[in-house]
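Structure assessment
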Amino acid sequence: MSPATPSQFGPPKPAPVWLGWGAFLFFLFTQVYAVATSPADAMMGHLQKMMYVHVPAAWVTFAAFGVVLVASLHFLWKEDERADLLAASAAEVGSLFCGLTLVLGMLWGRPTWGVWWSWDARLTSTLVLFLIFVGYLSLRSFVEDPHRRGQWSAAVGILGAINVPIVWMSVRWWRTLHQIQSNPRGLSPEYLRGLLLNLAAFTLLTIWFIWRRYEAARYERAAEHAAQAAALGDNNG
Amino acid sequence: MVSLNSLFHSGLRCKAKPYILSAILPLENRVAIALISAVPNAAPLPTADLALDARGVARRFGARWVLRGINLQVRAGEMVGLLGHNGCGKSTFMRIVATLLKPSAGDCYVYGANVKTEGDDVRHHVGFFSHVPGLYDDLSARENLAFAATMLGFPSADIDAALERVGLTHVTHERVRGFSAGMQRRLSLARLILQRPRLLLLDEPYNNLDVAGIALMNGFIRELNAAGGAAVVVLHDLVPAQGVLDRTVTIRDGRVHVPTADDLLHGGASPQAITLPAGAAGIS
Amino acid sequence: MAFRDDVRRIKAIVWKDLTTERRSKAGFNSVASLGVTILVLFGLALGPDGQALRDAAAGALWLAVLFAGVLAFNRSYQVELEGGALEALLLYPGSRWAIFAGKLIANLIFVLLMLVIVVAVGIVLFQVRIPAQWPTLLGIMALGVVGIVVLGTFYAAMSSRSRAREVLLPLLLYPMLIPVLLASMEATKAFLGGDLLNASGAWIQMLALFDVIFLVATFLAFEYVIEV
């Protein structure tokens, strides 16, 4: 079976507009709902509200890098270029939310611990994850040949994903100041409902972002081919 | 497995042309052209009997398709010259056959082994003589060959005999760093002599070689030929290969170019595309 | 039979890498000198108080080894890129992992030799008291170096063949090495500090586990990285 090339894929399936608007409106609703319904926390006061962005952002970060792992494995296995483009799109979106998670973590840490950065295990692991995927995206920008770029970034993506639990384990051993895992079951229902709704909203938004980015990547690739075909007067390249 | 792509690229497209040619060409040329162009239509030939069987081999670099479906079959014992303009993809094709590059589409077999999936088997058969010497500057001539022999799986090969044959006995223990380009080519040839591949891939082998070097190279090609080996030789000048090749093939626009009746009657753009019988390759 | 051929190939690659390295001398000497220079800089940054130096010794030693080692990894492929030797190397029959194993062992020997020099100088500069069970310290050092060299040899196979190789290798490698470095530093630190809490044993086990995981992963992935 010959490896598929983008010109054989036809145009990508566009991300439906209703999904984007739906996700955005749902997100607005869940934010307002969560903030409006949750009482001030006994210890943290209204600082607790930050949880409704921080926790979902962290969750979609890991979900996006999960997509990178699966798509990279699929690319190495099937040599399907679409999987490579999907991995790249997920890595970009994941890095964005990873950065958001870090900034919110620092904003939360300042009033809570009195320092911007406390080398807490989870925050440090997230920072390392961020650096790993900065490396992943840099590698992609430094390699021109698409096949080579695909194979190399897939290898880097897979090793990076393997490294995440290892980093987490070692950093936690090294030092932890953080409160015990904020387990949803430990939360009282008035917080929990808002958090779960926001998790759903963030997941939808992320799907929309990745889909749009993937669509753009497909069009970029198709444009490269069209320009080349036009230049050569070529009808099957 | 022949992909739809390769069918589209080559067989169907070229189908009509050999019949026109058959009226005006002698028999042996017709056989050669039929071998070049008409394969995917018929039941597939037994690939394992062919030294090289390229079926719709295509390769792109970025958005640029360098090869658009090469069909080329080389029988064991056959010596084929590969011609074409600079940048037409000859070297890319050779690198695909040698497993250094993966084809973007199509299939390629060397003595029945698929270059995509059975690379290790292919590498046992193939000897590639490329533009670059592939030697280590800080090792001596003998050390370079000893390393090559071990890597090839012939640790007890006769290195001194190979060195003597390429005329480098006087610099056996000198480091390659001080060698001239021609001497480095000779040392690369000595590595091929150790390997004695069943399919020789020579990419412009006569570059930097003096007259004696050319004779050495041709002697080695003929020797492998006599032992039943095949060769594909990329050339930009047919003169040094005089008397060595059985036929030549031209790559143009990323495909094997089949001369049309126009090309033949009016002298066409590429006279070299005409199949040449052994010994008649002298075009100056 | 095929396996014996691969072992022979691994030996040949190790011999070839070390011989070319030995003959060009400049490589090892400059990398080792850089390691020592980095130690001196750390000493200036952290000293001159003896206790502060001793506390920081483990971290400084490992970072010096890492920063100098990175140069060695790119160099090891640089030799292959001159004159198209990598092409010839890939054309030889036999398993791809044999190439990785050969490069890995050669780099391991190179970095271990450098480590001996850097550690000897570091013990003097950072006023470290050598503990009675010093062979264990050697074991920690060896395990840490294996982790660094495994990932370094793997990532250099990509970075050395791309644009901006000087910046790309550290950018890819350092975040990946954080668990290995953390475990090595902590094990060394606990050990040099007398290991009152018996923490170094756990770190050593962790380090060995990381080495095995990365060794397996890189051996599996190397074929995809070297062939294109």
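Keep in mind that this is a model prediction, so the values were computed, not measured.

Bringing the overall build of chain A into the picture now. Looking only at helices and strands, one finds six helices and zero strands in chain A. Reading chain A from its N end, one meets helices and strands in the order α-α-α-α-α-α. Taken across its 237 residues, chain A has 48% of its residues classed as buried. Summarising the internal contacts of chain A: among those between residues at least 6 apart in sequence, 80% fall at separations of at least 24. As displayed, chain A offers around 11,500 Å² of accessible surface, 69% of which is attributable to carbon and sulfur atoms.

Of the regular secondary structure elements, chain B holds 10 helices and 10 strands. Across chain B, contacts joining residues at least 24 apart in sequence account for 70% of those joining residues at least 6 apart. Surface exposure of chain B reaches about 11,100 Å², of which carbon and sulfur atoms provide 56%.

A separate point is the sheet that holds strand E4 (residues 105-110) of chain B. All names here are of chain B. Read from one edge to the other, the open sheet built from four strands follows the order E2-E1-E4-E5, with strand pairing classed as antiparallel. In the strand order of this sheet, the two ends are held by strand E2 (64-75) and strand E5 (113-114), each with one partner. In the packing of helix H4 (residues 90-97) onto the sheet, contacts are made with strand E1 (50-61), E2 and E4, and the angle to E1 comes to roughly 120°.

Take the pairing of E4(B) next. Residue and element names in this part refer to chain B. For E4, the tally of buried residues reaches six of six residues, placing the bulk of the element in the interior. With five bridges connecting them, E1 and E4 associate as antiparallel partners. For Leu52, the partnering residue across the bridge sits in E4 and is Val110. In this sheet, E5 lies alongside E4 in antiparallel orientation, the contact comprising two bridges. Paired with Val110 across the two strands is Ala113, which belongs to E5. In this structure, the hairpin formed by E4 and E5 is closed by a connection of two residues, where Tyr111 is found at a positive phi of approximately 45°.

Okay, the environment of Thr169(B) next. Residue and element names in this part refer to chain B. Structurally, the position occupied by Thr169 is in the loop between helix H7 (159-165) and helix H8 (181-195). The spatial distance from the C-alpha of Thr169 to the C-alpha of Gly119 is 34 Å, given a sequence separation of 50 residues. With residues near it in sequence (within four places) discarded, Thr169 still touches Leu163 and Glu164.

Moving on to the interface of chain C and chain A. At the junction of the two partners, chain C supplies 32 residues and chain A supplies 29 residues. When chain C packs against chain A, close to 2,700 Å² is buried across both sides, 79% of that on carbon and sulfur atoms. At the junction of chain C with chain A, the criterion picks out zero salt bridges. Within the residue set of the side of chain C that touches chain A, elements represented by two or more residues are helix H6 (134-159), helix H7 (165-192) and helix H8 (200-226) of chain C. Per-element tally for the side of chain C that touches chain A: the top contributor is H8(C), with 12 residues. When grouped by side-chain class, the residues that make up the side of chain C that touches chain A number 27 nonpolar, two polar and three charged.

We now examine the packing of aromatic side chains. Per the counting criterion, the structure on display carries 17 aromatic pairs over all chains. Geometrically, the ring pair formed by Trp21(A) and Phe24(A) is edge-to-face, given 6.3 Å between the ring centres and 75° between the ring planes. One end of the pair, Trp21(A), and the other, Phe24(A), are both in helix H1 (residues 17-37), three residues apart, so they sit about a helical turn from each other. Taking the relative accessible area as the measure of exposure, Trp21(A) reaches 53% and is therefore exposed. Ring centres 5.3 Å apart and planes at 85° place the aromatic pair Phe154(C) and Tyr155(C) in the edge-to-face group. Judged by its relative accessible area of 0%, Phe154(C) is buried. Under the relative-accessibility criterion, Tyr155(C) is labelled buried at 0%. Counting every residue linked through ring pairs, the aromatic cluster contains Phe3(C), Trp97(C), Phe100(C), Phe154(C), Tyr155(C), Phe219(C) and Phe222(C). The ring of Tyr111(B) has Arg198(B) lying over it, and the distance from NZ or CZ to the ring centre is 3.8 Å.

Looking now at the nonpolar core. Core analysis: the largest hydrophobic core is formed by 148 residues, its most contacted members being Leu52(B), Phe93(B), Leu199(B), Phe154(C) and Tyr155(C). Sequence-distant contacts of Leu52(B), defined by excluding residues within four places in its chain, comprise Leu72(B), Gln73(B), Val74(B), Phe93(B), Val97(B), Cys108(B), Tyr109(B), Val110(B), Leu199(B) and Val232(B). Counting residues in each nonpolar core, the second largest holds 37 residues, with Val171(B), Leu192(B), Phe220(B) and Val244(B) among its members.

Okay, the packing of helix H2 (residues 26-46) of chain C against helix H5 (residues 96-125) of chain C next. All names here are of chain C. Here H2 crosses H5 at 30°, and the two axes come no closer than 9 Å. Taken as axis vectors, H2 and H5 run roughly parallel relative to one another. Where H2 crosses over H5, the handedness of that crossing is right-handed. Between H2 and H5, the residues in contact are Gly27, Phe28, Val31, Ala32, Gly35, Val36, Leu39 and Val40 and Phe110, Leu113, Met114, Ile117, Val118, Val121, Gly122 and Leu125, respectively. Of the residues belonging to the contact of H2 with H5, the class tally is 13 nonpolar, three polar and no charged.

Let us look at the sheet that holds strand E10 (residues 255-257) of chain B. Residue and element names in this part refer to chain B. Here six strands make up an open sheet; going across it, the order is E6-E7-E8-E3-E9-E10 and the pairing mixed. Strand pairing shows two members of the sheet lacking a second neighbour, strand E6 (126-129) and E10, which therefore form its edges. This sheet shows a mean twist of 25° between the axes of neighbouring strands, independent of strand direction. The pairing of E6 with strand E7 (residues 199-203) spans four bridges and is classified as parallel.

What follows concerns the pattern of salt bridges. This model, assessed by the stated rule, comprises 25 salt bridges over all chains. One salt bridge in this structure joins Glu220(A) and Arg213(A), with 3.9 Å as the shortest N-O distance. The shortest N-O distance in the salt bridge between Glu143(B) and Arg23(C) comes to 2.7 Å. Here Glu143(B) is found in helix H6 (residues 141-152), whereas its partner Arg23(C) is found in helix H1 (residues 2-23) on a different chain. Several salt bridges converge on common partners, so that one network encompasses Lys16(C), Asp17(C), Glu80(C) and Lys103(C).

Trans is the prevailing form of peptide bonds, just as negative phi is the prevailing case for residues other than glycine. Residues and elements named next belong to chain B. Residues other than glycine seldom take positive phi values, yet Arg196 does so here, at roughly 45°. Examined against the element boundaries, Arg196 turns out to sit in the loop between H8 and E7. Residue class for Arg196 comes out partly exposed when judged on its relative accessible area of 39%.

All names here are of chain B. The buried fraction of strand E3 (residues 79-83) amounts to five of the five residues, a majority that puts the element mostly inside the structure. Neither face of E3 is open: one carries Met79, Gly81 and Leu83, the other Val80 and Leu82, and all of them are buried. Relative to strand E8 (residues 230-234), E3 is paired through four bridges, and the arrangement is parallel. Considered in E8, the bridge of Val80 is made with Val232. Bridge count between E3 and strand E9 (residues 247-252): four bridges; the pairing is parallel. Looking at the pairing, Leu83 lines up with Thr250 of E9.

Turning our attention to helix H2 (residues 51-78) of chain A. An ideal rise of 1.5 Å per residue puts 40 Å on 28 residues; H2(A) measures up with 40 Å between its terminal C-alpha atoms. Looking one or two places after H2(A), you find Glu79(A), whose phi comes out positive at around 55°.

Detailed reading of the predicted coordinates is not advisable wherever pLDDT is low. Residues and elements named next belong to chain B. Here chain B averages 76 in pLDDT, while 74% of its residues score no lower than 70. Note on residues 1-43: pLDDT is under 50 here. Beyond four places in sequence and across chains, it has 62 contacts. Reported confidence for the predicted complex is 0.86 by ipTM and 0.82 by pTM.

Rules behind the numbers
The written sequence of each chain sets the order in which its residues are numbered from 1. Working convention: letters from A go to chains and numbers from 1 go to ligands, in the order in which they are written. Local features are withheld for residues below a pLDDT of 70 in this predicted model, meaning they are given only at 70 or higher, and side-chain atom pairs are given and counted only at 80 or more; totals for whole chains, interfaces and linings count all residues. As a convention, hydrogens and water are excluded, and side-chain values are obtained from all of the structure's heavy atoms. Helix and strand labels come from DSSP, where a helix needs a run of H or I of at least four residues and a strand needs a run of E of at least two; each type is numbered from the N terminus. Each residue is placed in one exposure class: buried if its accessible area under a 1.4 Å probe, protein chains only, is under 20% of its type's maximum, exposed if it is over 50%, and partly exposed if it falls in between. Residues count as neighbours in contact if any of their non-hydrogen atoms are within 4.5 Å of one another. Under the convention used here, a 1.4 Å probe and the Shrake-Rupley method define accessible areas, while residue burial counts only the protein chains that appear. Here, strands pair whenever DSSP counts at least two bridges between them. Throughout, an axis means a line fitted to C-alpha atoms (over the contacting stretch in the case of helices), and angles, computed between N-to-C directions, take values from 0 to 180 degrees. When two components associate, each loses some accessible surface as probed by a 1.4 Å sphere; the sum of these losses over both components is called the buried area. Each reported salt bridge corresponds to a side-chain nitrogen of Lys or Arg within 4 Å of a carboxyl oxygen of Asp or Glu. Only Asp, Glu, Lys and Arg are considered charged, only Ala, Val, Leu, Ile, Met, Phe, Trp, Tyr, Cys and Pro nonpolar, and every remaining residue, Gly among them, polar. To pair, rings of Phe, Tyr and Trp, with the six-membered ring standing in for Trp, must have centres within 6.5 Å; the planes then decide the type, stacked if under 30 degrees apart, edge-to-face if over 60, and tilted in the middle. Over a ring means this: the NZ of a Lys or the CZ of an Arg is within 6 Å of the ring centre and within 35 degrees of the ring normal. The definition of a nonpolar core used throughout is a set of buried Ala, Val, Leu, Ile, Met, Phe, Trp, Tyr and Cys residues joined through side-chain atoms within 4.5 Å. Each angle is binned into one of four classes, with values under 35 degrees roughly parallel, values over 145 roughly antiparallel, values of 65 to 115 roughly perpendicular, and all other values oblique. In this scheme the handedness of a crossing depends on how the near helix is turned from the far one: anticlockwise by less than a right angle means left-handed, clockwise means right-handed. A helix is expected to span 1.5 Å multiplied by its residue count minus one. Scored from 0 to 100, pLDDT records how confident the predictor is in each individual residue.

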